Amino acid sequence: MQFHRHRRLRRNQAIRSMLKENHVHVEDFIYPIFVVEGENKKEEIASMPGVYHFSLDRLNEEVDELVSLGIVSIMIFGVPHDKDECGSSADDAHGIVQKAISQVKENFPSLYVMADTCLCQYTSHGHCGVVEDGEIINDASLERLAATAVSQAKAGADMIAPSNMMDGFVAAIRKGLDEAGFEDVPILSYAVKYASGFYGPFRDAVHSTPQFGDRRTYQMDPANAREALREAASDIAEGADLLMVKPGLAYLDIIHRVYQEFNLPVVAYNVSGEYAMVKAAAINGWIDEKKVVLETLTSFKRAGAELILTYHAKDFAKWLKEGSI
Ligand code: PBG
């Protein structure tokens, strides 16, 4: 009988390692960090075991540990005290994110710091744009977003990552950055962001659940794939430098299509709900956490992601360092 013996190439560890097609490196990670106002705070986020809120005076100890683990990049999310209708604290030069960025860049100059650019943490209604008469107003939001991006670049952000899904946000932010002299600051566009149930723990963490309605007039319908390509194409035309697909796991097909269709680097966002599910199962002893995390992160690489924004980054970097994975 004629058949192919695929198992020849799986006989021992040496040949399996030699033929491994995709690897996860610590340089692939962007690690999200949540900063809050106040003092002496390191508080675990209930639905995200192992992830904390840090006040600025406790931030350096965490970043120090990340750097010693070899993590090269972080994304800073701010949880401000003050919220209002138009999210005025988002572009405050002394806002929580701006202060966190400059503190980290001052103390860890070679760490690559990205800023999430959105309004939802800063608006009283929790939407990612400006609201008038119960509607999210696209063009009025663009000015606020551009101002926020510029304030983050002024604070020292190495990269701007807008996650708001308004139309024209990349063009508006690019123009704002260029006019302020930040033509060398790249934009990582959350080009393809779905209206997803997987953001639940994040919204608890930053108190950004919409107070009315939902995000389906700006975030995408999970049923759509071709629309993702239109979103990505328009962001490229507007000047995006990298493209994010979010969430990651339920959208590996989208990561792959964006990777195949365009030649910009693709970033996968392994979101809070994906992290929470793995952690909950691991804590209960239902899965082998290391195996599942390695498999998950590898799947993003296999799909075509260059970088992975993931809450698992710190654990994974530790496991790599101690050689336990
Ligand atoms: C804000 C934003 C969200 C996330 C990142 N930036 C939430 C949302 O759109 O409601 C989710 C991240 C995660 O779940 O880990 N626009």
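What comes next concerns the included structure.

Considering the site of the ligand
The local shell around the ligand holds 17 residues, among which Lys-193, Arg-203, Lys-246, Ser-272 and Tyr-311 are the closest. A distance of 2.6 Å separates an oxygen atom of the ligand from a polar atom in the side chain of Arg-203. Separating an oxygen atom of the ligand from a side-chain N or O atom of Tyr-311 is a distance of 2.5 Å. In isolation the ligand has 400 Å² of accessible area, and contact with the protein removes 100% of it. Partitioned by chemical class, the residues of the shell around the ligand number 9 nonpolar, 3 polar and 5 charged.

Details of the pairing of strand 3 (residues 52-55)
As judged from the 3 bridges shared by strand 1 (residues 29-36) and strand 3, these two strands associate in the parallel manner. Across the sheet, Val-36 pairs through a bridge with Ser-55, a residue of strand 3. Relative to strand 3, strand 2 (residues 42-44) runs antiparallel, the two sharing 3 bridges. Across the sheet, the residue bridging to Glu-43 is His-53, located in strand 3.

Re the state of the cysteines
Taken as a whole, this structure holds 0 disulfides when the rule is applied. Lacking any disulfide linkage, Cys-118 is separated from the closest cysteine sulfur, that of Cys-128, by 3.6 Å. Cys-118 gets classed as buried once you look at its relative accessible area, which sits at 2%.

A few points about unusual backbone geometry
Pro-247 follows Lys-246 through a cis peptide bond whose omega is -10 degrees. Relative to the helices and strands, Pro-247 resides in the loop between strand 10 (242-246) and helix 8 (252-261). For Asp-133, which is not glycine, the phi dihedral falls at a positive 45 degrees. Mapping Asp-133 onto the fold places it in the loop between strand 6 (130-132) and strand 7 (135-137). Using a relative accessible area of 82% as the deciding quantity, one classes Asp-133 as exposed. Positive phi outside glycine occurs at Met-165, with the angle close to 65 degrees. Structurally, Met-165 is set in the loop between strand 8 (159-162) and helix 5 (169-179). Overall, the relative accessible area of 3% leaves Met-165 in the buried class.

Here we look at the pairing of strand 11 (residues 266-270)
The buried fraction of strand 11 is high, at 5 of 5 residues. A two-sided burial pattern is seen for strand 11, the buried positions comprising Val-266, Ala-268 and Asn-270 on one face and Val-267 and Tyr-269 on the other. With 3 bridges joining them, strand 10 and strand 11 adopt parallel strand pairing. Bridge assignment links Met-244 to a residue of strand 11, and that residue is Val-267. A crossover links strand 10 with its parallel partner strand 11, the connecting element being helix 8, and its sense is right-handed.

Conventions adopted
- Residues numbered from 1 in each chain as written.
- Predicted model: local features only at pLDDT ≥ 70, side-chain atom pairs only at ≥ 80, totals over all residues.
- Heavy atoms only, no water.
- Near = heavy atom within 4 Å.
- Polar contact = N/O pair within 3.5 Å; in protein donor to acceptor, adjacent residues only side chain to side chain.
- Areas by Shrake-Rupley, 256 points an atom, 1.4 Å probe, with all protein chains shown as cover.
- Nonpolar A, V, L, I, M, F, W, Y, C, P; charged D, E, K, R; others polar.
- Pairing = 2+ DSSP bridges.
- Helix = DSSP H or I, 4+ residues; strand = E, 2+ residues; numbered from the N terminus.
- Disulfide = S-S within 2.5 Å.
- Buried < 20%, exposed > 50% of the residue type's maximum accessible area, 1.4 Å probe, protein only.
- Right-handed = clockwise from strand over helix to strand, strands pointing away.

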